[in-house]
Every structure is written in C-alpha cells, then in structure tokens.
Amino acid sequence: MHNVLIVDDHPFFLHGFSQYVESSGNFAITTALSVDEAIEKIDEVQPDLAMLDVTMHGGGGLKILRHIRRHHPNVPSMFLTVHVDPEQTIEAMRLGISGIALKDADPETIISAMNAVLAGGKWFDTDVTEPALRFSIDKPSRSLRSNDLLTKREAEIVELVCQGLRNRDIAARCDLAEGTVKIHLNSIFRKLGVTSRSELIVQQGGMKAAQAGAIASGTEH
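This write-up is about the structure you can find in this document. Remember, it's a predicted structure, so these values are computed and weren't measured experimentally.

Examining the overall build of the protein
Then, in step 1: On a plain count of helices and strands, the protein comes out with ten helices and six strands.
Then, in step 2: Of all 221 residues assigned to the protein, the portion counted as buried reaches 44%.
Then, in step 3: Taking all contacts inside the protein whose residues are at least 6 apart in sequence as the whole, residues at least 24 apart take part in 65%.

Quick notes on the environment of Arg 197
Then, in step 1: Mapped onto the elements of the fold, Arg 197 is located in helix 10 (residues 197-217).
Then, in step 2: A relative accessible area of 28% means that Arg 197 is categorised as partly exposed.
Then, in step 3: Each C-alpha atom, one on Arg 197 and one on Cys 162, is 8.2 Å from the other, the two residues being 35 residues apart in sequence.
Then, in step 4: With sequence-adjacent residues up to four places away left out, Arg 197 is seen in contact with Val 161, Leu 165, Arg 166, Asn 167, Ile 170, Leu 185 and Phe 189.

Considerations on the nonpolar core
Then, in step 1: Val 7, Leu 52, Ile 64, Phe 79 and Ile 97 are the most contacted members of the largest nonpolar core, which totals 27 residues.
Then, in step 2: Dropping the residues within four chain positions of it, Val 7 is found in contact with Ala 32, Ser 34, Ala 38, Met 51, Leu 52, Asp 53, Met 56 and Ile 64.
Then, in step 3: Formed by 19 residues, the second largest nonpolar core is a distinct cluster that contains Phe 27, Ile 29, Met 78 and Ile 110.

Side note on the layout of surface pockets
Then, in step 1: Taken as a whole, the largest pocket encloses approximately 850 Å³ of empty space.
Then, in step 2: Along the walls of the largest pocket sit 31 residues, with Gly 120, Gly 121, Lys 122, Arg 197 and Ser 198 positioned nearest its centre.
Then, in step 3: Going through the elements one at a time, helix 8 (167-174), helix 9 (178-192) and helix 10 are the ones with two or more residues in the lining of the largest pocket.
Then, in step 4: A per-element tally of the lining of the largest pocket places helix 9 first, with five residues.

Some thoughts on the pairing of strand 4 (residues 77-81)
Then, in step 1: Summarising burial for strand 4: five of the five residues are buried, a large majority.
Then, in step 2: The alternating pattern of strand 4 places Ser 77, Phe 79 and Thr 81 and Met 78 and Leu 80 on opposite faces, both of which are buried.
Then, in step 3: Here strand 3 (residues 49-52) pairs with strand 4 via three bridges, running parallel. In the strand pairing of strand 4, Leu 52 is matched with Phe 79.
Then, in step 4: As a crossover connection, the stretch from strand 3 through helix 3 (residues 60-71) into strand 4 is right-handed.
Then, in step 5: Note: strand 4 against strand 5 (residues 99-102), four bridges, orientation parallel. In the strand pairing of strand 5, Thr 81 is matched with Leu 102.
Then, in step 6: For the crossover that starts at strand 4, traverses helix 4 (residues 86-94) and ends in the parallel strand 5, the hand is right-handed.

Observations concerning the side chain of Ser 77
Then, in step 1: Tracing the backbone through its elements, the reader meets Ser 77 in strand 4.
Then, in step 2: With sequence-adjacent residues up to four places away left out, Ser 77 is seen in contact with Leu 49, Ala 50, Leu 52, Leu 65, Ile 68, Arg 69, Ile 97, Ser 98 and Gly 99.

Things to note about unusual backbone geometry
One can expect most non-glycine residues to show negative phi and most peptide bonds to be in trans.
Then, in step 1: Phi at Gln 46 takes a positive value of approximately 50°, unusual for a residue other than glycine.
Then, in step 2: Within the element layout of this structure, Gln 46 appears in the loop between helix 2 (35-45) and strand 3.
Then, in step 3: You can call Gln 46 partly exposed: its relative accessible area is 47%.
Then, in step 4: If you check the backbone angles, Asp 175 has positive phi at about 60° while not being a glycine.

Some details on the sheet that holds strand 3
Then, in step 1: A sheet is described by the order of its strands in space; here six strands give the open sequence 2-1-3-4-5-6, paired in parallel fashion. In the strand order of this sheet, the two ends are held by strand 2 (27-32) and strand 6 (123-124), each with one partner.
Then, in step 2: On top of the sheet, helix 2 reaches strand 1 (2-7) and strand 2; it is set at about 140° to strand 2, its chief contact.

Observations regarding the packing of aromatic side chains
Then, in step 1: According to the stated counting rule, one finds one aromatic pair in the structure shown.
Then, in step 2: An angle of 5° between the planes, with centres 5.5 Å apart, marks the rings of Phe 13 and Phe 17 as stacked. Taken together, the residues Phe 13 and Phe 17, both in helix 1 (residues 11-23) and four residues apart, mark about one turn of the helix.
Then, in step 3: Given the relative accessible area of 8%, Phe 17 is considered buried.

The rules behind the values
Residues numbered from 1 in each chain as written. Predicted model: local features only at pLDDT ≥ 70, side-chain atom pairs only at ≥ 80, totals over all residues. Heavy atoms only, no water. Helix = DSSP H or I, 4+ residues; strand = E, 2+ residues; numbered from the N terminus. Buried < 20%, exposed > 50% of the residue type's maximum accessible area, 1.4 Å probe, protein only. Contact = heavy atoms within 4.5 Å. Core = buried A, V, L, I, M, F, W, Y, C linked by side-chain atoms within 4.5 Å. 1 Å grid on protein atoms, 1.4 Å probe; cavity = no way out; pocket = protein on both sides within 12 Å on 5 of 7 lines; lining within 4 Å. Points joined across faces, edges and corners; volume = space filled by probe spheres on them. Pairing = 2+ DSSP bridges. Right-handed = clockwise from strand over helix to strand, strands pointing away. Axes fitted to C-alpha atoms, helices over the stretch in contact; angles between N-to-C directions. Phe/Tyr/Trp six-rings, centres within 6.5 Å; stacked < 30°, edge-to-face > 60°.

Limitation: the analysis is restricted to geometry and does not speak to function.
Below, the structure is given as structure tokens:
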C-alpha cells in the first residue's frame, strides 16, 4: 500500500477526492489544507507520492515542490489542479515534477496517473503540456542557441529522446552502453538547464519552432 499526501486548500474537494482514492484499497491517504501543513507532514511522513494543488495561499504547489526537491528529492510529486498556467508548468518541469493532472479528469484517469508516477514514470495531461509548448514557442528562451553547447553525440541523443526512445533503445541505436547514455543525459540536462526528459522535449519543441519562424521571417543568421 502506498502512502500518498494530498494537499488542497478546498476542504470539500480534499475530503471527497481522498475518500475516493482511499476506497480503491491501494493507498493510505494523508491530507493537508495549507502549504505550511503540507511541508510539516512531508518532513514527518515522507510519503511515497505528494499530490499538490498549484494555487494556494502562502506560495502554493511550487513552494512545496521546491521544499521537496531541496529536502526530500526521492519523493515523487504531482500537481492536481483546475488550471496551471504555461509558465508554472515549465517551472514545475524544471523542478522535476513527475506528473500534472486536471481535477476535472475522470477519477480513474487520475488513479492511473498516480500509479504511473509511483511506478517511476511520468504522466502529463496534454491540456497542460500543449499550452506550455505554445508558451515556449511564443516566448523563446534567450538561450535559443544553447544546443550549440552540445557535442555531436549529445545532439544525437537529444534527437532520439525527442523521438520517445528509452535509454536502452538509444544505447542500441548509438552502439553505446546504457550507462554511457545516462552520463551523456546528465551532461545534456546540465548544459540545457533542464531536469527531466519531459522538460527537454518541451524545450526542444519550442526551440525548433522558434528557429523555423526566424528562418521564415528572414531573421535567422
């Protein structure tokens, strides 16, 4: 049974959703109604999964996520929210969020997302990631040419990650050991300022689209 912390400052939703999740029989639920209470319980319980509302008094889900990454980096976290703006999505990915689900999704879909994250995977609602991608296209980073920092091998691995290949598949394609691929990925993440494959894919999609737009407008040099 997995111990899950659910944080939300709306008591009605928190109570109802917690009861639903707990009724599945696979989860033991701890709840918190505020940022401070959530941080206290994370330090005390160190849950298997933290599910955080984004918009709360006192800093919201991002403040809690920063605390988790600083003090409990092995605790996976998800946002469960009505809405998260694209800039918050990108910041959450930078901080290593494992999933983002919307409260109006089918409850069984949210349970599936929780199980995916608990199994070590990622789960992001496309209604969240697509606006984030558009945001990164409309407001490209000043480090638009940060890919110039990559070696030829690292650039090749980035392309394969964006195609959805896993480390073992990349290793086979590039004739490398899987451990070597992990070393390359650590270097790529450091150079590009990302913390996860999902954030890398969003960043690369935005950069390619911005570069294409620059070429079309005649501003690419």
